[in-house]
Amino acid sequence: MLEKTNLKNNFFSVLLGTSVAKIVGFFREFLFLIYLGNSTTYSEILSLLVISTLVMFLSDSAFLNPIIYPQWERTGKQMIKLNAYHLLLFIVLSIIFYIFNEISLQLNQPFYVKIICSFLWIPLLFHGFGYSFLLYTKKLKTYNFLINIIAITYLIGFWFLKDFGSEAYIISRFVSIVIGVLIVLFLMGKSIKISFKFTNLNREQIFDSTLKFLSVNNFILSIFIIRLIISQFFQSELAVINYTLVIIFIFYTLINKNLNALTILENAEGKLKGRLLQKKYFLFFLVGLILTTIFINSLSVVYFKTISQELILNILYYSLFLLPTLMLCGNIDLKNSEVILNHKIHYNWRNFTYIILSVGTFFGLFSLLH
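This section reports on the structure supplied with the text. (Residues numbered from 1 in each chain as written. Predicted model: local features only at pLDDT ≥ 70, side-chain atom pairs only at ≥ 80, totals over all residues. Heavy atoms only, no water.)

1. Overview of the nonpolar core
Where a protein is soluble and globular, its nonpolar side chains tend to be buried together. Counting 100 residues, the largest nonpolar core has Tyr-169, Ile-170, Phe-219, Leu-326 and Phe-362 as its most contacted members. Sequence-distant contacts of Ile-170, defined by excluding residues within four places in its chain, comprise Ile-45, Leu-49, Val-113, Ile-116, Cys-117 and Leu-120. (Core = buried A, V, L, I, M, F, W, Y, C linked by side-chain atoms within 4.5 Å. Buried < 20%, exposed > 50% of the residue type's maximum accessible area, 1.4 Å probe, protein only. Contact = heavy atoms within 4.5 Å.)

2. Focus: the packing of helix H7 (residues 121-136) against helix H8 (residues 140-161)
Where H7 contacts H8, the two axes come as close as 8 Å, and the packing angle between them is 155°. Taken together, the axes of H7 and H8 are roughly antiparallel relative to one another. H7 and H8 meet at a crossing whose hand is left-handed. Residue-level contacts link His-127, Tyr-131, Leu-134 and Leu-135 of H7 to Leu-140, Thr-142, Tyr-143, Leu-146, Ile-147 and Ile-150 of H8. Within the contact of H7 with H8, the residues separate by chemical class into 8 nonpolar, 2 polar and no charged. (Axes fitted to C-alpha atoms, helices over the stretch in contact; angles between N-to-C directions. Helix = DSSP H or I, 4+ residues; strand = E, 2+ residues; numbered from the N terminus. Parallel < 35°, antiparallel > 145°, perpendicular 65-115°, else oblique. Left-handed = near helix turned anticlockwise from the far one by under 90°. Nonpolar A, V, L, I, M, F, W, Y, C, P; charged D, E, K, R; others polar.)

3. Overview of the environment of Phe-174
In this structure, Phe-174 sits in helix H9 (residues 166-188). In this structure Phe-174 comes out as partly exposed when scored by relative accessible area, which is 35%. Put simply, Phe-174 and Gly-157 are 17 residues apart on the chain and 9.7 Å apart in space, counted from C-alpha to C-alpha. Those residues in contact with Phe-174 that sit more than four places away from it in its chain are Ile-116 and Leu-120.

4. Observations regarding helix H2 (residues 40-48)
For H2, the buried fraction is high: 7 of the 9 residues fall into the buried class. Where H2 is concerned, the buried positions are Tyr-42, Ser-43, Glu-44, Ile-45, Leu-46, Ser-47 and Leu-48.

5. Here we look at a nonpolar patch on the surface
On the surface, a nonpolar cluster with roughly 530 Å² of combined accessible area is contributed by Tyr-35, Ile-152, Ile-156, Trp-159 and Phe-160. Sorting elements by how many residues they give to the nonpolar patch places H8 first, with 4 residues. Checked against the element boundaries, Ile-156 lands in helix H8. (Patch = residues over 30% accessible without salt bridge, like charges linked within 9 Å, V, L, I, M, F, W, Y side chains within 5 Å. Areas by Shrake-Rupley, 256 points an atom, 1.4 Å probe, with all protein chains shown as cover. Salt bridge = Lys/Arg side-chain N within 4 Å of Asp/Glu carboxyl O.)

6. Regarding the side chain of Ser-222
When you line up the elements, Ser-222 lands in helix H11 (residues 218-233). What makes Ser-222 buried here is its relative accessible area of 0%. The residues contacting Ser-222, other than those within four sequence positions of it, are Thr-325, Cys-329, Ile-355, Ser-358 and Val-359.

7. So, the environment of Ser-209
Counting through the fold element by element, Ser-209 comes out in helix H10 (residues 203-216). Judged by its relative accessible area of 13%, Ser-209 is buried. Sequence separation between Ser-209 and Ile-68 is 141 residues, and the spatial gap between their C-alpha atoms is 8.3 Å. For Ser-209, the contacting residues outside a window of four places in its chain are Ile-67 and Gln-71.

8. Thoughts on the pattern of salt bridges
Throughout the structure, instances matching the rule amount to 1 salt bridge. In this structure, Lys-114 engages Glu-102 in a salt bridge whose closest nitrogen and oxygen atoms are separated by 2.9 Å. Of this pair, Lys-114 sits in helix H6 (residues 111-119) while Glu-102 sits in helix H5 (residues 84-104), and the two are 12 residues apart along the sequence. Given the relative accessible area of 11%, Lys-114 is considered buried.

9. Thoughts on the packing of aromatic side chains
In total, this model carries 21 aromatic pairs according to the counting rule given. When the centroid spacing of 5.7 Å and the interplanar angle of 75° are considered together, the rings of Phe-363 and Phe-366 count as edge-to-face. Taken together, the residues span about one helical turn, with Phe-363 and Phe-366 both in helix H15 (residues 350-366) at a distance of 3 residues. Looking at Phe-363, the relative accessible area reads 18%, which means it is buried. (Phe/Tyr/Trp six-rings, centres within 6.5 Å; stacked < 30°, edge-to-face > 60°.)

10. A look at the packing of H8 against H9
Direction vectors running N to C along H8 and H9 enclose 155°, while the axes themselves pass 8 Å from each other. Judged on the interaxial angle alone, H9 and H8 are roughly antiparallel. Read as a crossing pair, H8 and H9 show a hand that is right-handed. From H8, Thr-142, Leu-146, Ile-149, Ile-150, Thr-153, Tyr-154, Gly-157, Phe-158 and Leu-161 reach across to H9, where they touch Ala-168, Tyr-169, Ile-171, Ser-172, Arg-173, Val-175, Ser-176, Ile-179, Gly-180, Ile-183, Val-184 and Leu-187. Per-class residue counts for the contact of H8 with H9 are 14 nonpolar, 6 polar and 1 charged.

Interpretation note: all reported values are geometric properties and have no functional meaning in isolation.
Structure, rendered in structure tokens:
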């Protein structure tokens, strides 16, 4: 378990490892920008991935912490139990995702791409198990190793497959996720128990876990709604939005995600330090983003055949448009994370209002470019 009153040291230890992974991720997205640009096929694959992307973002945000940390705290064991009901649910939901994509998008993508996009969220759940387990047991170096191996595999995979175009994106993503799952299963060992029996589900526990999940993932849910709407009505913009999310998630995963994960086990003093760190780094992020936008706006150079000044500026503008969502929902997520172990979470419906307000604000600003 993470030591209390040591938030700052733990935070910087995790920050170091995730920073390397994010640098690798940023370079990878830059390669996407060079080789894929704002291509239609890339936007199509991203549209197919919208639902699975929700779990991608969640798995990289230790979203299971508020659900399983209280259980681990109560039992004293770090155990993940999956049974036949869970496995059946995974399959049924994946089929529903596939049907939804077929009906709503009707894209001419290869069948294997559609299958990967519909089922990719399942192995990503195991990434979430691994991240939570390593943070809870204070195996911070191993945690950093895991996320960096996944990031580097993703980068190398795309580099070797880049001639396949947009399909290289999904293939390299799939390979990196599978490698991540194998590492997680190895690291967790007997802490993951999979049973093929239909054991009774605890409805009260499911309801309680759902409320905790909703309470600390307002930002992720807002982003999901934005991506879903864009995939249905502004599909040509989805590639640009994806590049934008790389910038936003560099801040979110480095600062908010790590603080959310670590403050759950902290005392009041540690939680206060978490809020101060969040405000400090958000200010740095805001100033840096504004200065970068001003600088790029002063240039008029086309760097590569797929990159223009207009494309880069649109990415930066969308990043600025998402800042209200990040500021509002990110702050609420951190505050809700602070009470997970100390209080039983009763979902505050004001959170739903924050999500609607955030989504509405983004599309209000989004309309300025259309």
